[in-house]
Amino acid sequence: MKNNTSFLDITGEKKGINLLSIPGLTIKLQHLDGVLQLEANGHLRGVCTPFLNRINVSLKDEKPALVFEDKVVASTWLPPIPSKVFKRLLYAETQIALGKYVPETVSMEVTRECRCNCEHCVVSGGEGDMDVASIKRAIDEALDMGAVIITFTEGDPMLRKEIFELIDYVDKDRAIVNMYTPGTDMTPESARKLKEAGLHNLLISIYSTDPNQHDSVRRLDRAFEMATSAIKMGLDAGLLVTMCTHVSPRNIHELPDMYELASRLGVHEFSLWESIPKKLGDPVLSDDDRKVILDMYNRINSTAGGPRIFSNTYFEGEMLGCMAGQRWMHVCVEGSIKPCPYMPFGFGNIKNESLKNIWTSIRKYPHFKGERHTCLMQEPDFLKLIKHIPENAALPYNFDDL
């Protein structure tokens, strides 16, 4: 970040940029010795110091995803710094430090439609999709609760005709908008429309550098070709683009080649998510596997050139802890609410009650209390609960019916 003096200069060596001011706390963005750093003052500064220290380490030691004239995108998963949305993130983290947990990330399934037929798909059961009015109400409630990241996902949002309307609907002063797509229905025109609607980050998953292997995961011919073309279209339209993959014991050896592919495509970030078991006995990453991921994360992000790496092995495993039911809430396509996309359990439905009430209910369960640096769905005791779901029951299954 030392190579962008035009941005660093605007912070001012002494004054800095005032990002957040609340009673007892002021947070400023400072330019110190060529590096951007967050500085807190006031009697509440100790409350947010751990989070600020984590951000400062990233700003100092890791390359950003993108640097603009007036802002830095430290990661495609985070709001630009500085911005009104980043200010909301700082406020949310302050609230969490004081014990009031905020669903900073709210992911939303907007359609079941998808040309792929992936075995790992977590789209909810039932029939039909939520109507646009219900999705907009969910967006409004999420923003009112403090959400700063709205992510549209599962199956393929590009197959929902109102996707541009939904992206445009999100108040960009309150949240950034991300969108997952397998990339099978992208055109240059639709990529431009995503940019015009205000999409922050286009996320496209690649499961192997071998086109046949990727197609096999997607269960769709030419899926690899379409996905890589969609990445190029997104970049040509001026979008932030992230290439994602799920890391499992079966493909961890491919990560170096996958990173080379991400570099050749020119994406801004290569995002690694640990594969999540669906039941007890499914393969999970070992501690040695996680060390491989973390070593790659640290090496790549401290080396100039090429896309940065995002890894939930670091972000959740070491930095924040598991976000499910603490910083993350997931809205299913038929309105059910889950603590994250990967759990097969529902905790209410937005058709019947507010997001706020459902979030309050989730927060009462002991599973979502305390800092946990492993995913709940990777813990054997929690996975044992899945055996109590009746055979052929629709998912997500009501947690209280266990």
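Rules behind the numbers
- Residues numbered from 1 in each chain as written.
- Predicted model: local features only at pLDDT ≥ 70, side-chain atom pairs only at ≥ 80, totals over all residues.
- Heavy atoms only, no water.
- Pairing = 2+ DSSP bridges.
- Helix = DSSP H or I, 4+ residues; strand = E, 2+ residues; numbered from the N terminus.
- Contact = heavy atoms within 4.5 Å.
- Axes fitted to C-alpha atoms, helices over the stretch in contact; angles between N-to-C directions.
- 1 Å grid on protein atoms, 1.4 Å probe; cavity = no way out; pocket = protein on both sides within 12 Å on 5 of 7 lines; lining within 4 Å.
- Points joined across faces, edges and corners; volume = space filled by probe spheres on them.
- Nonpolar A, V, L, I, M, F, W, Y, C, P; charged D, E, K, R; others polar.
- Salt bridge = Lys/Arg side-chain N within 4 Å of Asp/Glu carboxyl O.
- Buried < 20%, exposed > 50% of the residue type's maximum accessible area, 1.4 Å probe, protein only.
- Core = buried A, V, L, I, M, F, W, Y, C linked by side-chain atoms within 4.5 Å.
- pLDDT = per-residue confidence, 0-100.
- Phe/Tyr/Trp six-rings, centres within 6.5 Å; stacked < 30°, edge-to-face > 60°.
- Lys NZ or Arg CZ within 6 Å of the ring centre and 35° of its normal.

Caption draft 1: Geometry of the sheet that holds strand β14 (residues 337-338). Pairing is mixed across the open sheet formed by nine strands, whose spatial order is β12-β11-β10-β9-β8-β7-β6-β13-β14. Taken across any chain shown, the strands that pair with only one partner, and hence form the sheet edges, are β12 (308-311) and β14. Across four bridges, the pairing between strand β6 (residues 105-109) and strand β13 (residues 328-331) is parallel. Opposite M108, over in β13, you have V331 as the bridge partner. Along the sheet face, helix α10 (residues 287-301) touches β10 (240-247), β11 (269-274) and β12 and points at about 150° away from the line of β12.

Caption draft 2: Focus on the sheet that holds strand β2 (residues 25-32). Spatial strand order, β1-β2-β3: three strands in an open sheet with antiparallel pairing. A strand with exactly one partner marks an edge of an open sheet, and here the two such strands are β1 (17-22) and β3 (35-41). Neighbour to neighbour, the strand axes of the sheet diverge by 20° on average, direction disregarded. For β1 and β2, the ladder comprises five bridges, and the chain directions are antiparallel.

Caption draft 3: Main features of the layout of surface pockets. For the second largest pocket, the calculated volume is near 490 Å³. Residue assignment for the lining of the second largest pocket shows that the elements contributing at least two residues are α3 (84-97) and β8 (176-180). Class assignment of the residues belonging to the lining of the second largest pocket gives a composition of 13 nonpolar, five polar and six charged.

Caption draft 4: Representation of the pattern of salt bridges in the model. One pass over the full model with this rule turns up 20 salt bridges. Here the salt bridges do not stand alone but share partners, grouping E62, E269 and R308 into one network.

Caption draft 5: View of the environment of S190. Among the structural elements, S190 can be located in helix α6 (residues 188-197). With a relative accessible area of 8%, S190 lands in the buried category. Between the C-alpha atoms of S190 and G234, which are 44 residues apart in sequence, the distance is 9.0 Å. Sequence-distant contacts of S190, that is, excluding residues within four places in its chain, are made with M158, F164 and D185.

Caption draft 6: Local environment of the environment of L240. For L240, the location among the structural elements is in strand β10. On a C-alpha basis, the gap between L240 and N201 in space is 4.7 Å, while along the polypeptide they are 39 residues apart. Excluding residues that lie within four positions of it along the chain, L240 makes contacts with L66, V73, T76, H200, N201, L202 and H268.

Caption draft 7: Main features of the nonpolar core. Core analysis: the biggest nonpolar cluster contains 119 residues, and F152, L194 and M243 have the highest contact counts within it. In terms of residues, this core owes the most to one element, helix α4 (residues 132-145), which gives seven residues. Setting aside chain neighbours within four positions, we find L194 in contact with M158, F164, I167, M179, M186, L199, L202 and L239.

Caption draft 8: Spotlight on the pairing of strand β9 (residues 201-205). Burial analysis of β9 places five of its five residues in the buried class, which makes it a mostly covered element. The two faces of β9 match: N201, L203 and S205 on one face and L202 and I204 on the other face are all buried. Summarising the sheet, β8 and β9 pair through three bridges and their orientation is parallel. The partner of M179 across the bridge, within β9, is L202. Looking at chain direction, β9 and β10 are connected through five bridges and run parallel. Residue pairing in the sheet places L203 in a bridge with T242 of β10.

Caption draft 9: Geometry of unusual backbone geometry. Of note, the bond from E154 into G155 is cis; its omega dihedral lies within 30 degrees of zero at -20°. For the bond from L395 to P396, the omega torsion is 5°, close enough to zero to count as cis. For E154, which is not glycine, the phi dihedral falls at a positive 20°. Looking at where E154 falls in the secondary structure, it is placed in the loop between β7 (149-153) and α5 (163-169). You will see that R219, though not glycine, has its phi angle at about 55°, which is positive. Considering the arrangement of structural elements, one finds R219 in the loop between α7 (211-218) and α8 (223-236).

Caption draft 10: Region of interest: the confidence of the model for the chain. Summary statistics for the chain give a mean pLDDT of 92 and a share of 96% for residues scoring 70 or more. In this model residues 1-5 is a low-confidence stretch, pLDDT under 50, and it forms eleven contacts with partners more than four residues away in sequence or in other chains.

Caption draft 11: Quick look at the packing of aromatic side chains. The full count for this structure, using the stated rule, is 15 aromatic pairs. Look at F347 and F399: their rings are 4.9 Å apart centre to centre, the planes differ by 25°, and that puts the pair in the stacked class. One end of the pair, F347, is in the loop between β15 (345-346) and α12 (355-362); the other, F399, is in the segment after β16 (397-398), and 52 residues separate them in sequence. The same class applies to F347 and to F399, which are both buried. Ring geometry for Y365 versus F399: centroids 5.2 Å apart, planes at 85°, classification edge-to-face. Highlighted residues: Y365 in the loop between α12 and α13 (380-383) and F399 in the segment after β16, separated in sequence by 34 residues. Each member of the aromatic cluster is reached from another via a ring pair, and the members are W77, Y180, W273, F310, F315, W328 and Y342. One cation-aromatic arrangement involves K71 over F68; the distance from NZ or CZ to the ring centre is 5.2 Å. Its end group placed over the ring of Y101, R363 keeps NZ or CZ at 4.1 Å from the ring centre.

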